[in-house]
Amino acid sequence: MANTDIEKGSEHPIMLRLKNLKKYFPTSRGTVKAVDGISLNVFKGETLALVGESGSGKTTTAHVILGRYIATEGSVLYKNIEIGHMPLIKRPLWLRREIQIVFQDPATSLNPKKTVKDIIEVAIKIHYPKLSKLDRVERLLELLRYVGLTEDFLFKLPGELGGGEKQLVALARALATDPKFLILDEPTSALDVSAQSKILKTLLNIQRDRRLSYILITHDLAVVRNISHRVAVMYLGKIVEKAPTEELFSNPLHPYTRMLLSSIPTLTEEESKLLPKGIESTGEIASAINPPPGCRFHPRCPYAMDICKKMEPPDINVSKGSKVRIVKCWLYAEESKTKL
Amino acid sequence: MSEASTLLKVEDLYVKYRSYWYTYHVLDGVSIRIKPGEKVGLIGESGAGKTTLLKSILRILPPQGRITKGKILYKDINLLRCSKGTLLEIRRKKVGMIFQDPLAALNPVFTIKEQMVDILKYIYKGSNYKKSDLENIALELLREVMLPDPERVLNSYPFQLSGGMRQRVVIAMALASAQELLLADEPTTNLDVTIQAQILKLISNLVEKRRLSMVLVSHALGMVRSMTKRIYVMYGGNIVEEAPSSKLFNEPLHPYTQLLIENAPKIIATKLGEGIKGNPPDYRYPPPGCRFHPRCPYAMDICKKVKPLLIKVNNDRYVACHLYAEKDMIKKLEV
Amino acid sequence: MSSKDIDIEFILKKEREMKRERLKRAWFRFKRSKLALTGLSIFLALLIAATFADYVAPYPKHAGTYVNFKERFQPPSLKHLFGTDHLGRDIFSRVIFGLRLAFLMIGIVISIVLPTGTVLGLIAGYYKGRWIEHIIMRLADMFVALPPLILALSICAILEPNIVNAMIAVTLMWWPWYTRMVYSMTSALRNEPYVWAVRALGMRDLSIMFKEILPNILGPILTKATLDAAWVILIGAAISFLGLGAQPPTPDLGTMVSEYMTYFPKNWWMILGPVLGIAIIIMAFNLLGDGLREVFAGE
């Protein structure tokens, strides 16, 4: 059923693998099925974007990988080690060093009472306890310069920095441990336009220099287009489409993906031409407590058929050549060889 | 353009905020004008003074904010001089405002019905509408914003509604008092892109149907482009550029606008911009001359001393930048 | 290597400068409130007077078991600012020694209550939902449920009525309030992204509590402690007034009020001294607390 075997064909080793990952939250009104069986791989040195509306389960997925929540079912394999059932505090130090996170809002992800130096130094102290004070400061300065800040920032408090600068400090802190895998949880959505591109550019440079793997959680498709290699589109706890970024934008398959793309406000005519036509955003994402039966997107889908209301569509492999594409939609069932 | 064809005109407006020990010089001589039925956009990053401008127009600045200079003309009424009654009348009947955060704009402990009837009571003060009439008006308004099952919504509390539905309710409330002008302050922040598209379409339809004028304030450039005919670009409490929406994005004139557009992430694969160096101005000590000069790649000596005025460079293009003033001067000299 | 050394020296110097700068700014914020400044001056004056009571008080011997029947019941005069009492002791001197006792009491109570309450609150708040939270918070609830004065009185009544037991009583009734305050603030902060960020870095729970969360709640805690100091005095005075605290001839302000009440209203000035003493020390702490609140709010 899962098509992970095809994805394996890449020359890059798999850093992170989610297999049928589920995360449920019991509430008084019923079980919230925030993430309901998703599978994906992140390879070394690549960026995988996890896209969807709020309520699609993308942030929950990120926090399961981080270890803030433990998986209800399924597995999270980091370098083939099961970590999905290991809460953050049980994780060994090397694992915490390798998986780092950059949060959405730098205003809350930096301790308001700590100077930039303290914030970054903590990371170095924990992971490189043998370094002398001198080497620590040396390393700290190196990190600051690496993300494009100067030593003038060392003793500033987060409140004295601009939004973009704060996010750069958060980035420097995450890099201080020399991580291999970065979770980027909406890294630019709290920032102004003028600060966004600087952050994205820095992220690209870091990846190029250090061959980091990123999982990028975002709802901003323009950000996805600019920095990710592959995209997984989530809707109500399920991945509905997986594709290389270029393919996804040039030829979106799943109706939900097309709806997302058609909703992007564009800056130029040139851009508008690239967006899918003939589909319009309607309805709102349903509650994850009682997701619609069959395909979860069918109440909003203009192409919904009878079967969509009854049966959940399988993951359909529509790959061409080496480009792996998977879409979870009955519309493509006929073309598929892996029909259920 | 004659006076008569202007619905709203803001002239050389200065607004300052005072805290215990600082004065924040926010609006620094802002002038805008809106014709009847016109849709105008106001773009700029957070802290550029967009919301302050809107609030000044309705005279709903917080107590520490003060208009120190300037004129706000609504038709022929000077809103800074007129009587309280006239001002209330305009707020009630003529101008409606959609506030930024739909959750903050709705009171969590009252149902939508109670809140809407409250506002309608205020709007229709003096007329002898009964409570049931007002409820009907509320219901009608909710229908107008295309809320599914408006009766249920009317009896709900804000937390029982999704973000998109709340924003529709807020729009309905603004519509109640907007008979001529709608001020929309970031109407889709915090909403998902799909819901954003729906809300924008709704606002455009309503504005069209009711023949309203609109000022749309946002930092989402693409959104403003699709919704308006003319755009003002704000930076640091100044209008730095004014242009038709169709031209601004293809050919931005002001260095700030250029950088802003260059740096906005696009869905066409282009090279990412470098960002704009530095931070927005500190309103306590705004830079002298052009407020953008510390961040401007083309800054000249004059920019540090003299504040550039908004000058006409073309038929319908205006820009406040010494680069263009000089070109103009040179042209004149050559002639 | 040498360039490195210069580098770090320079940076450390800059760090010290920045710290000084922040203190300066905090002082600036404090200073701008005239009332807070008044509070601080009164506080310092009282503290100095209390510390050097032996030198400041005109008749240091009068603090104890001194008797001089010739001078009893003197109304206020230049010689005896607050007059003399039924044993002929100078009330002004006794009030100054009373202040010393009050400061001592505040010092001891706060230095026990503040750390205990804060640590318990941090632990309970950080581990919200675990058994340790329930143990700490239910225990705190138990103490909070009892009316404070009655609790203190019963403790003093069961144990021997003296100043130490009065302090124990005040301490016991006070810690839960700190615990509850710290608890609620900690449980709100423990899921802040910056806490998750350092957790992801591998910081230990105890370090997170004390190094990341505590600095963010220290302001309100200190403000509350200052404002509460006034209450400690008041409760202490109340216990003493009811005869369950310090016993005569200890120059405790509350005990003095209770002693001198016997001669009210005929020799009304006798209670004036100790009452003024209580009032002024409470005022000083309250003004100081307001000033501190201003300092922390401005950050």
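Quick notes on the rules
Residues numbered from 1 in each chain as written. Chains lettered and ligands numbered in written order. Predicted model: local features only at pLDDT ≥ 70, side-chain atom pairs only at ≥ 80, totals over all residues. Heavy atoms only, no water. Helix = DSSP H or I, 4+ residues; strand = E, 2+ residues; numbered from the N terminus. Rg over C-alpha atoms; globule rule 2.2 N^0.38 Å. Buried < 20%, exposed > 50% of the residue type's maximum accessible area, 1.4 Å probe, protein only. Areas by Shrake-Rupley, 256 points an atom, 1.4 Å probe, with all protein chains shown as cover. Lys, Arg positive; Asp, Glu negative; His and termini not counted. Charge placed at Lys NZ, Arg CZ, Asp CG, Glu CD. Patch = residues over 30% accessible without salt bridge, like charges linked within 9 Å, V, L, I, M, F, W, Y side chains within 5 Å. Salt bridge = Lys/Arg side-chain N within 4 Å of Asp/Glu carboxyl O. Contact = heavy atoms within 4.5 Å. Buried area = accessible area lost by both parts, 1.4 Å probe. Polar contact = N/O pair within 3.5 Å; in protein donor to acceptor, adjacent residues only side chain to side chain. Nonpolar A, V, L, I, M, F, W, Y, C, P; charged D, E, K, R; others polar. Pairing = 2+ DSSP bridges. Axes fitted to C-alpha atoms, helices over the stretch in contact; angles between N-to-C directions. Left-handed = near helix turned anticlockwise from the far one by under 90°. Phe/Tyr/Trp six-rings, centres within 6.5 Å; stacked < 30°, edge-to-face > 60°. Core = buried A, V, L, I, M, F, W, Y, C linked by side-chain atoms within 4.5 Å. pLDDT = per-residue confidence, 0-100.

## Some remarks on the overall build of chain B
Part 1: Of regular secondary structure, chain B possesses 13 helices and 12 strands.
Part 2: Relative to its length of 335 residues, chain B is compact, with a C-alpha radius of gyration of 21 Å against a globular reference of 20 Å.
Part 3: C-alpha atoms of chain B, sized along the principal axes, occupy 70 × 50 × 45 Å.
Part 4: Across the 335 residues in chain B, those meeting the buried criterion constitute 53%.
Part 5: Surface accessibility of chain B: about 15,300 Å² in total, with carbon and sulfur atoms responsible for 53%.
Part 6: Taking the average location of the 50 positive side-chain charges in chain B and that of its 33 negative ones, the two points are 3 Å from each other.

## Quick notes on a positive patch on the surface
Part 1: A contiguous patch of positive charge on the surface is contributed by C:K13, C:R16, C:R20 and C:K24.
Part 2: Checked against the element boundaries, C:R20 lands in helix 1 (residues 2-31).

## A few points about the interface of chain B and chain A
Part 1: The partner chain A presents 41 residues to the 37 residues of chain B that form the contact.
Part 2: Both sides together, the interface formed by chain B and chain A hides about 3,400 Å², and carbon and sulfur atoms give 56% of it.
Part 3: Our count for the contact surface shared by chain B and chain A stands at 3 salt bridges.
Part 4: Among the ionic pairs, A:K201 bridges to B:E274, the shortest N-O distance being 3.0 Å.
Part 5: Taken together, chain B and chain A are joined by 22 residue pairs in polar contact (both at pLDDT 80 or more).
Part 6: Among the elements of the structure, helix 7 (163-177), helix 8 (193-209), helix 9 (221-227) and helix 11 (255-263) of chain B are those that each provide at least two residues to the side of chain B that touches chain A.
Part 7: The greatest single-element share of the side of chain B that touches chain A, amounting to 7 residues, is contributed by helix 8 of chain B.
Part 8: Grouping the amino acids of the side of chain B that touches chain A by side-chain chemistry returns 16 nonpolar, 14 polar and 7 charged.

## Some thoughts on the pairing of strand 9 (residues 230-235) of chain A
Residues and elements named next belong to chain A.
Part 1: Burial analysis of strand 9 places 6 of its 6 residues in the buried class, the great majority of the element.
Part 2: A two-sided burial pattern is seen for strand 9, the buried positions comprising R230, A232 and M234 on one face and V231, V233 and Y235 on the other.
Part 3: Note: strand 3 (residues 47-51) against strand 9, 4 bridges, orientation parallel. If you follow L50 over to strand 9, its bridge partner there is A232.
Part 4: Pairing analysis gives 6 bridges linking strand 9 to strand 10 (residues 238-244), with the strands arranged antiparallel. Paired with R230 across the two strands is P244, which belongs to strand 10.
Part 5: Counting the residues that bridge the hairpin from strand 9 to strand 10 gives 2 residues, and of these L236 lies at a positive phi of roughly 45°.

## Let's talk about the packing of helix 4 (residues 91-126) of chain C against helix 7 (residues 163-189) of chain C
Residues and elements named next belong to chain C.
Part 1: Direction vectors running N to C along helix 4 and helix 7 enclose 35°, while the axes themselves pass 6 Å from each other. In the packing of helix 4 onto helix 7, the handedness of the crossing is right-handed.
Part 2: Its residues assigned to classes, the contact of helix 4 with helix 7 shows 20 nonpolar, 8 polar and no charged.

## Considering unusual backbone geometry
Residue and element names in this part refer to chain A.
Part 1: Even without being a glycine, E186 presents a positive backbone phi close to 50°.
Part 2: Structurally, the position occupied by E186 is in the loop between strand 7 (181-185) and helix 8 (193-210).
Part 3: Residue classification places E186 among the buried residues on the basis of a relative accessible area of 6%.

## Structural notes on the packing of aromatic side chains
Part 1: Under the criterion given, the structure shown has 20 aromatic pairs over all chains.
Part 2: Judged by centre distance (4.9 Å) and plane angle (80°), the rings of B:Y235 and B:F292 are edge-to-face. You can see B:Y235 sitting in strand 9 (residues 230-235) and its partner B:F292 sitting in the loop between helix 11 and helix 12 (301-305), a full 57 residues away along the chain. Assigned by exposure class, B:Y235 and B:F292 land together as buried.
Part 3: Centroid distance C:F82 to C:F92: 5.5 Å. Interplanar angle 70°. Geometry classified as edge-to-face. In this pair, C:F82 sits in the loop between helix 3 (53-56) and helix 4 while C:F92 sits in helix 4, placing the two residues 10 residues apart along the sequence.

## Overview of the pairing of strand 4 (residues 73-78) of chain A
Residues and elements named next belong to chain A.
Part 1: Summarising the sheet, strand 1 (residues 14-27) and strand 4 pair through 5 bridges and their orientation is antiparallel. Across the sheet, residue K22 finds its bridge partner in strand 4, namely E73.
Part 2: Here strand 4 runs beside strand 5 (residues 81-82); their pairing, made up of 2 bridges, is antiparallel. In the sheet register, Y78 faces strand 5, and the bridge partner there is I81.
Part 3: The turn joining strand 4 and strand 5, which pair antiparallel and follow one another in sequence, is formed by 2 residues; a positive phi near 45° is taken by K79.

## Details of the nonpolar core
Part 1: Among the nonpolar cores identified, the biggest contains 160 residues, and A:I120, C:I217, C:I221, C:I239, C:I281 and C:F285 are the most heavily contacted of them.
Part 2: In terms of residue count, the dominant contributor to this core is helix 4 of chain C (15 residues).
Part 3: Among residues more than four places away in sequence, those in contact with C:I239 are C:A152, C:L153, C:C156, C:A166, C:V170, C:L244 and C:G245.

## Considerations on the confidence of the model for chain C
Residue and element names in this part refer to chain C.
Part 1: For chain C, per-residue confidence averages 85 on the pLDDT scale, and 97% of positions sit at 70 or higher.
Part 2: Confidence, read as mean pLDDT per element, is least for helix 1 in chain C (77) and greatest for helix 8 (residues 193-201) (93).
Part 3: Two numbers describe this predicted complex: its pTM, 0.87, and its ipTM, 0.86.

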